Amino acid sequence: MPTRRQLILGTGGILALAAGTLALGAWRSRSGVAPAPPSADLPLPLTAMSWQLTSHLSARVGPGDWVGRPALVFFGFTWCPDVCPTTLMNIAGWLEELGSEADKLTIALISVDSERDTPEVMSEYVAMFDPRILGLTGSPEEIALTAAEFRIRYEKVPRDDGDYTMNHTAGVFLFYPDGRFASIIDFHEDPQFAVPKIKRILA
Ligand code: NI
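Reading the values: the criteria
For every chain, the first residue of its written sequence is number 1, and the numbers climb from 1 along that sequence. With pLDDT at 70 or above as the cut-off, local features in this predicted model cover only qualifying residues; side-chain atom pairs require 80 or more to be listed or tallied, and sums for whole chains, interfaces and linings still use all residues. No hydrogens and no water enter the side-chain calculation; it runs on all heavy atoms of the structure. Burial classes: relative accessible area under 20% of the type maximum marks a residue as buried, over 50% as exposed, and values in between as partly exposed (1.4 Å probe, protein chains only). Runs of E in the DSSP output that reach at least two residues are strands. Runs of H or I that reach at least four are helices, and both are numbered from the N terminus. DSSP calls a pair of strands paired once it identifies at least 2 bridges connecting them. Water is not part of the atom set, so a site may look incomplete; the donors themselves are N, O and S atoms within 2.8 Å of the metal, or 3.2 Å for Na, K and Ca. Here, the term nonpolar core denotes a set of buried Ala, Val, Leu, Ile, Met, Phe, Trp, Tyr and Cys residues that are joined through side-chain atoms within 4.5 Å. We call two residues in contact when some of their heavy atoms are within 4.5 Å.

A. Main features of the pairing of strand E9 (residues 181-185). Of all five residues that make up E9, four are buried, and the element is covered over most of its length. Two elements, strand E8 (residues 172-175) and E9, share four bridges in a ladder whose sense is antiparallel. Pairing of Leu174 across the sheet is with Ser183, part of E9. Between E8 and E9, which pair antiparallel in sequence order, lie five residues; one of them, Gly179, sits at a positive phi of approximately 100 degrees.

So, in structure tokens, the structure goes:
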């Protein structure tokens, strides 16, 4: 478990991320790199993506496997001190609110931390939140391609103690069953809008 100091540092990172978060999960790094134009931030349709990753059950998964069902996708890493566990707890809450309708969804957490997030680590992690959540990981190259197709940003941030953390785009991407991008549930959005947005991809 992270120490209190790590949690506090982590929260600082989240605040830094939050300050740079614009609509549609736009993201600005601490080095001040300007975000891409908004239109470029939209994820591709799943039907135009080509990534391949490994699931927490060690199966190979690609975007074609998700077409035909509405999908809910977000990026993170298992060592994330705050944003990822909070997002996963929110998702578990939305699934409970949706009841049996939630069984129609594909729900996936895609790791941006190839080094530490093996399929085994992902398996233990997603099981803590909801058994319907699929954990996906891959090689650095596989994750980089996936991130590019979803138009998300991430970076490794070294810490003073020699360890590292990851900055990453927060926000849950929603896709229609035909693979078209539908909308995003932003990390700081009023929670009352989350379930209606999911209902729209389930309709
Ligand atoms: Ni995170």
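B. Structural detail: the coordination of the nickel ion. Coordination sphere of the nickel ion, protein contribution only: Cys80 (SG), Cys84 (SG) and His168 (NE2), at 2.0 to 2.2 Å. All donor residues of the nickel ion come from one chain, and their arrangement in sequence is C-x3-C-x83-H. Here Cys80 is found in the loop between strand E3 (71-76) and helix H2 (83-98), whereas its partner His168 is found in strand E7 (residues 164-168), with 88 residues between them in sequence. An identical accessibility class is assigned to Cys80 and His168; each is buried.

C. Spatial organisation of unusual backbone geometry. One non-glycine residue, Ser58, adopts positive backbone phi at about 65 degrees. With respect to the element layout, Ser58 can be found in the loop between strand E1 (53-55) and strand E2 (60-61). Residue classification places Ser58 among the partly exposed residues on the basis of a relative accessible area of 49%. Residues other than glycine seldom take positive phi values, yet Arg151 does so here, at roughly 60 degrees. Relative to the elements of secondary structure, Arg151 occurs in the loop between helix H4 (140-150) and strand E6 (154-158). Here Arg151 falls in the partly exposed class, since its relative accessible area comes to 35%.

D. Representation of the nonpolar core. In terms of nonpolar packing, the biggest core is built from 53 residues, with Trp66, Ile91, Leu105, Leu136, Phe150, Phe175 and Ile198 touching the most fellow members. Contacts of Leu105, omitting those with residues within four sequence positions, involve Arg69, Pro70, Leu72, Leu95, Leu98, Ile198, Ile201 and Leu202.

E. Spatial organisation of the environment of Pro158. For Pro158, the position within the fold is in strand E6. We classify Pro158 as exposed; its relative accessible area is 67%. With residues near it in sequence (within four places) discarded, Pro158 still touches Asp163 and Tyr164.

F. View of the environment of Phe175. Among the secondary structure elements, Phe175 is positioned in strand E8. Accessibility expressed as a relative area gives 0% for Phe175, which makes it buried.

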